[in-house]
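Chain by chain, the residues run as shown.
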Amino acid sequence: LVDHGRQFERDAIEIYEVEGAVDAAATATTTPTVVGGPEDLLDLLDHDLIGDTPTVLAVDRAAQDQDDVASGPLVLSDGLLDRERFFGRVHDATSSVRLPGEERRSGNPVADYELSDGRRWRSTARLSGAKSVTASTSASDAGAFGGTRRGAHPHAAVDNDMGSAWQAGWGEPARDWWRIEFDQPLVPGKLTITVGEQVSSGTMLRVETDGSSRDARVPVSGEIEVDLGEETSWLRISEAAASSAALALADVHWEGRDLHRRIVTPPIPKAWGAPEGILLRSQGDRRTGCVRIGSRVPCAADEDVAAEEPVAMDRVVTMPAPASYAATLTARPRDGGALHALIQDDRLVTATGSTTAVRDARASGIAAFDGDLATSWAADPDDVRPTLSVNFAVARSLRRVTLVVPDAAPVRRPTRVRLTWPGGTRDVDLDDSGQARFPKISTDRIQLTILDTDEAVSIDRQGGGAALPAGITEMSFDSVGAGATQPSTEVREHECGSGPTLRVDGRALRTRVVAAPADLFAMKSVELRTCGTGASDVVRLRAGENIVDFAASDAMAPESVVLRAPGFAAVSTADRVAMETHGPSAATFRPTSEAEVLVWHQNFNRGWAARQEGAVLDPVVIDGWQQGWRMQTRGAVRAEFTPDTPYRWGMGLGVLALGALLLGLLLGRRDRGADLPPVAASGVPPAALVAVGLASGGLLGGWVGLLVLGSGAAGAALLHKWRDAAAWLTGAVVAVASIGYFLRPWGSSSGWAGAWSWPSLLVLLSLGAAIALVARDAAGSTDRPRFLSRMKGFSTPK
């Protein structure tokens, strides 16, 4: 297969038609204020917290310095997150949410695309239970090799989820390390370290504290126990020796561990009052490894990406005033035995695989008996004896088994299997059609272990090959047809506690899952129902900080929390407006009713000015990017791009000046034979060259660059008698610097030479030498420089 069967064909040209497109302008009677960024608006619309009416971002409302800028409701979101972005990437380009003061990794002038004064309105991370959790590098860093994996941040080693792990970034051989600094000194006692799956057994780790350092070798189980009976204020785990492998820690546990990494929403000004709506979303990742392509659902382990918040969604919501809300909660399926039990609830036949290659129910054992050739059970590639366990509600007589694996399925086709039931064991070979016959077996449960398979590989886009996992697309017995475990499409209400638990300032709100098993099997998001009724379901937030924790259940992971004030509902009050354009720099809008704002669907530019019946309208940024004005009456609005007039005057004056110049040249032309005064020689003073050169070196390389540049100039001055050799040597230094970029070009697996400092310093050294040589030429001297000629021991020219 190519790319685990995820390839598909599309037409070379696709044409789309948009029906009912919105006109170029609109008016609105209300403009909600959104605490967040422009990227939050679609989610707010999906969760019915805003309608299609224009909105004003809090950052733009604060810039207006007005309390009555928005007549509509106030909506709070946690979407404008403090992340660091690697600007060279389109996807997987942003880091995990940063803590205040956290070290920047990219070195860019700015961390991310910024709104004006946007940092005041960003949601940041806060650590409780420890002062800091840091690492040498992380795969969650912006610019990490191969793309950022936000779920691999340092806190993943202490997040109470064995499925997540901190992973060091790939790069040059180094001693990767992970470090935690406690709030106050403590005695960890028995320390249990569980390494990530990619750490090989036999790797030597070093555990360090305030007063001790000890080495421990990773066993086959991947779990190390170290007794730390002494008091310490910090703990550091690292590789005992530098290596090219990346260290990963799935869990670091000690008695009494209680750490939380919460996202803190920005505080709202008291004058604005409490928000009518609040949207909090988990920092998840939809990539479970399976994706639907047409009628197929191929799965690949390398596309299973860990979420930044896999099991808990912790927030700190700062309120300007107390308020009460009704909660709407959603969750996403969390693959595992608990989810499989919900999917197969009340089924007469259930199937369970020994392992699964990805965290997706569509690759679980259920897929082998669901009657759908689009899904396949894919065992873990490391599972040497993949086993599928099938349970029947009543005993069945079995004489034949059929295993189907289409050519497009991303699994290896079984050729020999072992049947195990309470009464015995039997090995059977499958024929070319995937069938095997055997003496009658009467049982209510049977295990099918894959002993041998056909060969099958996946070729990636770079031409590399990898073996596909063993698996089964569809199976059946002579007395039990295919589709016996097909999930039901009937919506069911499960027991209380089946969904995640919401805690607000310590008060717990338990939930239950209400969904069709088919939706859970498809890994779709579902709404939750609270277990209480009436007043017990009301969420009350106090003035100041509120701790909102949404913790996963065994079967479901939290996805979103939507809080609505009583009586609050999103409204749509936008009306289309007729518009007349007058060239590229003017337009007239004709509203049909009174409204608060006029919106022109184009990028905001302060150069546009609008008047309505002679009054100048105040500009306002709509949705974080659109042009808008606050209306005063119902009359027509005339908008003009004010810089256009001085621009055109400037162009006109330039044309007149050019004409005057040409006219002067024609009228004032001398005869060709007339004597012209000689032009005197001119040059740049050597001191100016040296000053400009030194200033350039300082701006390019700081004090170190200035020192290196000065060294190059001094070296060239000392070699003044061999000027040609010095010039050649100056070029040779640059050639040496270029070798680094030849050895490590952009995109090299060993890293880019641009991350080194020595090539840049060599260029500055050469630049300093060139400045010294040019300065001597400008001085018109072939002898030693003046500052050397005046030194003691040298004769002074007459």
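Note that the coordinates shown come from a computational prediction; the quantities given were computed from them, not determined experimentally. (Residues numbered from 1 in each chain as written. Predicted model: local features only at pLDDT ≥ 70, side-chain atom pairs only at ≥ 80, totals over all residues. Heavy atoms only, no water.)

Caption draft 1: Main features of the overall build of the chain. The number of helices and strands found in the chain is nine helices and 47 strands. Its C-alpha radius of gyration of 35 Å places the chain more than 25% over the 28 Å reference for a compact globule of 798 residues. Summarising its shape, the C-alpha atoms of the chain cover approximately 120 × 80 × 60 Å along the three principal directions. A sequence separation of at least 24 residues applies to 73% of the contacts in the chain between residues at least 6 apart. Put simply, the chain shows about 40,600 Å² of open surface, and 54% of that area lies on carbon and sulfur atoms. In the chain, the 81 positive side-chain charges and the 100 negative ones have mean positions that sit 5 Å from each other. (Helix = DSSP H or I, 4+ residues; strand = E, 2+ residues; numbered from the N terminus. Rg over C-alpha atoms; globule rule 2.2 N^0.38 Å. Contact = heavy atoms within 4.5 Å. Areas by Shrake-Rupley, 256 points an atom, 1.4 Å probe, with all protein chains shown as cover. Lys, Arg positive; Asp, Glu negative; His and termini not counted. Charge placed at Lys NZ, Arg CZ, Asp CG, Glu CD.)

Caption draft 2: How the structure looks around the sheet that holds strand E37 (residues 544–551). The six strands lie next to each other as E5-E15-E19-E37-E32-E33, forming an open sheet whose pairing is mixed. Across the chains shown, the open sheet's two edge strands, defined by having one partner strand only, are strand E5 (124–128) and strand E33 (507–509). Mean inter-strand twist for the sheet, computed between neighbouring axes without regard to direction, equals 25°. Examined bridge by bridge, strand E32 (residues 501–504) and E37 share four bridges and lie antiparallel to one another. Opposite Leu502, over in E37, you have Phe550 as the bridge partner. (Pairing = 2+ DSSP bridges. Axes fitted to C-alpha atoms, helices over the stretch in contact; angles between N-to-C directions.)

Caption draft 3: Quick look at the sheet that holds strand E10 (residues 204–208). Ordered by their spatial adjacency, five strands build an open sheet running E6-E8-E13-E10-E11, and the pairing between neighbours is antiparallel. Sheet topology places strand E6 (132–135) and strand E11 (213–217) at the edges, where each strand pairs with a single neighbour. Along the sheet, successive strands turn relative to each other by an average axial angle of 20°, direction set aside. Bridging between E10 and strand E13 (residues 232–239) involves four bridges; their strand directions are antiparallel. Within E13, the residue paired with Leu205 across the bridge is Glu239.

Caption draft 4: Spatial organisation of unusual backbone geometry. A positive phi is found at Asp346, a non-glycine position, where the angle reads about 70°. Within the fold, Asp346 resides in the loop between helix H3 (337–343) and strand E21 (349–353). The phi dihedral of Glu613 falls on the positive side, at around 55°, and the residue is not glycine. Within the element layout of this structure, Glu613 appears in the loop between strand E43 (608–612) and strand E44 (615–616). We classify Glu613 as exposed; its relative accessible area is 61%. (Buried < 20%, exposed > 50% of the residue type's maximum accessible area, 1.4 Å probe, protein only.)

Caption draft 5: Representation of the side chain of Ser585 within the structure. Mapped onto the elements, Ser585 comes out in the loop between strand E40 (578–581) and strand E41 (586–590). For Ser585, the residues in contact, after removing those within four places along its chain, are Trp608, Ala639, Glu640, Phe641 and Asp644.

Caption draft 6: Region of the structure containing helix H7 (residues 723–743). Its 21 residues place the ends of H7 31 Å apart at the C-alpha level, agreeing with the 30 Å of an ideal helix rising 1.5 Å per residue. Taken together, the buried positions of H7 are occupied by Ala726, Thr730, Val733, Ala737 and Gly740. One side of H7 carries all its buried residues, which in axial view fall inside an arc of 65°. With respect to the buried face of H7, the exposed residues turned more than 90 degrees away are Asp724, Trp728, Phe742 and Leu743. (Expected span 1.5 Å × (residues − 1). Arc of directions from axis to C-beta.)

Caption draft 7: Structural detail: the packing of aromatic side chains. On inspection of all chains with the given rule, the structure shows 10 aromatic pairs. Where Phe182 meets Trp254, the ring centres are 5.5 Å apart and the plane angle is 75°; that geometry is what we call edge-to-face. Residue Phe182 is located in strand E8 (residues 177–186), and its partner Trp254 is located in the loop between strand E14 (248–253) and strand E15 (260–264); the two are separated by 72 residues in the primary sequence. Taken as a pair, Phe182 and Trp254 share a single burial class, namely buried. Ring pairing ties together the aromatic residues Phe589, Trp600, Trp608, Trp629 and Phe641, which thus form one cluster. Here Arg61 stacks its cationic end above the ring of Trp272, 4.1 Å away from the centre of that ring. The ring of Trp121 has Arg120 lying over it, and the distance from NZ or CZ to the ring centre is 3.9 Å. (Phe/Tyr/Trp six-rings, centres within 6.5 Å; stacked < 30°, edge-to-face > 60°. Lys NZ or Arg CZ within 6 Å of the ring centre and 35° of its normal.)

Caption draft 8: Just a nonpolar patch on the surface, in detail. Judged by side-chain polarity, Val736, Ile739, Phe742, Leu743 and Trp758 come together as a nonpolar surface patch covering roughly 540 Å² of accessible area. Per-element accounting of the nonpolar patch gives the leading share, four residues, to H7. Examined against the element boundaries, Val736 turns out to sit in helix H7. Judged by its relative accessible area of 41%, Val736 is partly exposed. (Patch = residues over 30% accessible without salt bridge, like charges linked within 9 Å, V, L, I, M, F, W, Y side chains within 5 Å. Salt bridge = Lys/Arg side-chain N within 4 Å of Asp/Glu carboxyl O.)

Caption draft 9: Spatial organisation of the confidence of the model for the chain. Mean pLDDT over the chain: 89, with 94% of residues reaching 70 or higher. Predicted confidence for residues 782–798 stays below pLDDT 50, and this span has 18 contacts to residues more than four positions away or in other chains. (pLDDT = per-residue confidence, 0-100.)

Caption draft 10: Structural view of the pattern of salt bridges. Scanning all chains against the criterion turns up 49 salt bridges. For Arg281, the salt bridge goes to Asp78, with nearest N and O atoms at 3.7 Å. You can see Arg281 sitting in strand E16 (residues 277–281) and its partner Asp78 sitting in the loop between strand E4 (74–77) and E5, a full 203 residues away along the chain. You can call Asp78 buried: its relative accessible area is 1%. Among the salt bridges present, the one from Asp92 reaches Arg287, with a minimum N-O distance of 2.9 Å. One end of the pair, Asp92, is in the loop between E4 and E5; the other, Arg287, is in the loop between E16 and strand E17 (288–290), with 195 residues separating them in the sequence.

Caption draft 11: Region of interest: the environment of Val616. If you trace the backbone, Val616 turns up in strand E44. Measuring from C-alpha to C-alpha, the distance between Val616 and Trp629 comes to 9.6 Å, with 13 residues separating the pair along the chain. Aside from chain neighbours lying at most four places away, what touches Val616 is Ala610, Arg611 and Gln632.

Caption draft 12: Spatial organisation of the side chain of Arg122. In this fold, Arg122 is placed in the loop between E4 and E5. What makes Arg122 buried here is its relative accessible area of 6%. Within the structure, the side chain of Arg122 is placed 3.5 Å from the backbone oxygen of Tyr113, a separation counted as a polar contact. (Polar contact = N/O pair within 3.5 Å; in protein donor to acceptor, adjacent residues only side chain to side chain.)

Caption draft 13: Structural detail: the state of the cysteines. Tallied over the entire structure, the rule returns two disulfides. A sulfur-sulfur distance of 2.0 Å marks the disulfide that ties Cys290 to Cys299. The sign of the 105° torsion about the S-S bond sets the Cys290-Cys299 disulfide as right-handed. For the pair formed by Cys290 and Cys299, the shared burial category is buried. (Disulfide = S-S within 2.5 Å.)

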